[in-house]
Amino acid sequence: QVRLVESGGGLVQAGGSLRLSCAASGSIFSINAMGWYRQAPGKQRELVAAITGGDNTNYADSVKGRFTISSDNAKNTVYLQMNSLKPEDTAVYYCTASIRNSGSRSWGNYWGQGTQVTVSS
């Protein structure tokens, strides 16, 4: 069993900052990639940022220069530092990870339960 637990969401004014965290736990043999998606009301879920190998990152154009993804491999945790937040960043943010299960040794994509980020204007 693998579990992803997010934290750090909340309400912030435009221009403010938030830091999201996501910790993976359970039957983990290895993690290939971790990332963040978001879904605003009435919109499709979209990739925000992803990190592989601990230092290879990619970002959605809409967040480049404002958001930074990082990871702590020892803690199986990924972070998303969000600066200069805009009202259009309002969404539920989901953590995802590509994890090899220590029991079955099979790979799977896992998702957290989501954390709400609301940016007021």
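Refer to the structure printed above.
The next point concerns the side chain of Asp-89. Considering the arrangement of structural elements, one finds Asp-89 in the loop between β8 (77-82) and β9 (91-101). Here the side chain of Asp-89 touches Lys-86 through a polar contact of 2.8 Å, landing on its backbone nitrogen. The residues contacting Asp-89, other than those within four sequence positions of it, are Arg-38, Arg-66, Phe-67, Ser-84, Val-117 and Val-119.

Let us look at the sheet that holds strand β1 (residues 2-7). Strands sit in the order β1-β3-β8-β7 across an open sheet of four strands; the sheet is antiparallel. Two strands in the sheet have a free side with no partner beyond their single neighbour: β1 and β7 (67-72). When strand polarity is set aside, the average angle formed by the axes of neighbouring strands in this sheet is 15°.

Attention shifts here to the side chain of Glu-6. Tracing the backbone through its elements, the reader meets Glu-6 in strand β1. One buried charge, Glu-6, has no salt-bridge partner; the nearest side chain with opposite charge is Arg-45, at 7.8 Å. Engagement of the side chain of Glu-6 in a polar contact is seen with the backbone nitrogen of Cys-95, the distance being 2.7 Å. Within polar-contact distance, the side chain of Glu-6 engages the backbone nitrogen of Gln-113 at 3.0 Å. Discounting chain neighbours no more than four positions away, the residues touching Glu-6 are Ser-21, Cys-22, Trp-36, Tyr-93, Tyr-94, Cys-95, Gly-112, Gln-113, Gly-114 and Thr-115.

To continue, consider the layout of surface pockets. In this structure, the largest pocket spans a volume of roughly 170 Å³. Forming the boundary of the largest pocket are 16 residues, of which Ile-31, Asn-32, Ala-33, Met-34 and Asn-73 lie nearest the centre. When residues of the lining of the largest pocket are traced back to their parent elements, those giving at least two are β4 (28-39), β5 (46-52) and β7. Looking at the lining of the largest pocket, the element that brings in the most residues is β4, giving seven residues. Here the lining of the largest pocket is built from residues that sort into six nonpolar, nine polar and one charged.

Definitions and cut-offs
- Residues numbered from 1 in each chain as written.
- Predicted model: local features only at pLDDT ≥ 70, side-chain atom pairs only at ≥ 80, totals over all residues.
- Heavy atoms only, no water.
- Helix = DSSP H or I, 4+ residues; strand = E, 2+ residues; numbered from the N terminus.
- Polar contact = N/O pair within 3.5 Å; in protein donor to acceptor, adjacent residues only side chain to side chain.
- Contact = heavy atoms within 4.5 Å.
- Pairing = 2+ DSSP bridges.
- Axes fitted to C-alpha atoms, helices over the stretch in contact; angles between N-to-C directions.
- Buried < 20%, exposed > 50% of the residue type's maximum accessible area, 1.4 Å probe, protein only.
- Lys, Arg positive; Asp, Glu negative; His and termini not counted.
- Salt bridge = Lys/Arg side-chain N within 4 Å of Asp/Glu carboxyl O.
- 1 Å grid on protein atoms, 1.4 Å probe; cavity = no way out; pocket = protein on both sides within 12 Å on 5 of 7 lines; lining within 4 Å.
- Points joined across faces, edges and corners; volume = space filled by probe spheres on them.
- Nonpolar A, V, L, I, M, F, W, Y, C, P; charged D, E, K, R; others polar.

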